[in-house]
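The chain contents come next:
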Amino acid sequence: MSRHAERTIYREYTPWPGWVKALVWGSVGVVAYPLLAGWDTALPFSTRLVLVALIVAFGAALQWFLGGLTVLVQETRIFLHFGRVPLVRKVIPFPEIRSLESVRYRPIAEFGGWGIRG
């Protein structure tokens, strides 16, 4: 079945935390500012402006395609993907789930921190 053929019973979107957004956009600013300020005088202003637009577009695309996690509980499966567009995704059919339980998650004590695990 395609992703659109199944009815979604539950949907949750968890965005990036603020510090991750600040890191991404801070990096964009650190790379773009010297171009705008003219620190590389060998390039004409119009070329520098195009480069800055490309850098900002890259930051926006990064956030659009990888920013946050979407979880869809559908009729026969759980569908997960990063960002707003499901390019990086995982499908877990219900028959593959062996057990389910509620747990208190302590990421630092149990796994050494937050992050994506295999």
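Our structure is the block above this text.
Procedures and definitions
Residues numbered from 1 in each chain as written. Predicted model: local features only at pLDDT ≥ 70, side-chain atom pairs only at ≥ 80, totals over all residues. Heavy atoms only, no water. Helix = DSSP H or I, 4+ residues; strand = E, 2+ residues; numbered from the N terminus. Buried < 20%, exposed > 50% of the residue type's maximum accessible area, 1.4 Å probe, protein only. Areas by Shrake-Rupley, 256 points an atom, 1.4 Å probe, with all protein chains shown as cover. Pairing = 2+ DSSP bridges. Core = buried A, V, L, I, M, F, W, Y, C linked by side-chain atoms within 4.5 Å. Salt bridge = Lys/Arg side-chain N within 4 Å of Asp/Glu carboxyl O. Phe/Tyr/Trp six-rings, centres within 6.5 Å; stacked < 30°, edge-to-face > 60°. Lys NZ or Arg CZ within 6 Å of the ring centre and 35° of its normal.

## A word on the overall build of the protein chain
Looking only at helices and strands, the protein chain features 3 helices and 4 strands. Each helix (α) and strand (β) of the protein chain, taken in turn from the N terminus, gives the series β-α-α-β-β-β-α. Looking at the protein chain as a whole, 21% of its 118 residues are labelled buried. A total accessible area of about 8,900 Å² is found for the protein chain, and carbon and sulfur atoms account for 65% of it.

## Let's talk about the environment of P95
Among the structural elements, P95 can be located in the loop between β4 (89-93) and α3 (107-111). When the C-alpha positions of P95 and R77 are compared, they lie 8.4 Å apart, and in sequence the two are 18 residues distant.

## Focus on the pairing of strand β3 (residues 77-82)
Taken together, the 5 bridges between strand β2 (residues 69-74) and β3 define a ladder with antiparallel strand orientation. In the strand pairing of β3, T70 is matched with H81. Here β2 folds back onto β3 in antiparallel fashion, the turn holding 2 residues. Where β3 meets β4, 5 bridges bridge the pair, whose relative direction is antiparallel. Within β4, the position partnered with F79 by the bridge is V91. Adjacent in sequence and paired antiparallel, β3 and β4 are bridged by 6 residues, among which G83 carries a positive phi angle near 70°.

## Some remarks on the nonpolar core
For soluble globular proteins, nonpolar side chains are generally found buried alongside one another. Ranked by size, the top nonpolar core spans 5 residues in total: V28, A32, L35, V52 and I55. Counting residues per element, the ones that place at least two in this core are α1 (18-37) and α2 (45-66). Ranked by residue count, the leading element in this core is α1, at 3 residues.

## What to know about the pattern of salt bridges
Counted by the stated rule, this structure contains 1 salt bridge. E6 serves as the salt-bridge partner of R77, at 3.4 Å between the closest nitrogen and oxygen. Here R77, found in strand β3, pairs with E6, found in the segment before β1 (8-14); they are 71 residues apart in sequence, far enough to count as distant. The pair formed by R77 and E6 is uniform in burial state, with each residue classed as buried.

## Things to note about the environment of L49
Turning to its location among the elements, L49 is positioned in helix α2. Here L49 falls in the partly exposed class, since its relative accessible area comes to 42%.

## Some details on the packing of aromatic side chains
Summed over all chains, the structure comprises 1 aromatic pair. The lysine or arginine in question, R84, covers the ring of Y13, its NZ or CZ lying 4.0 Å from the ring centre.

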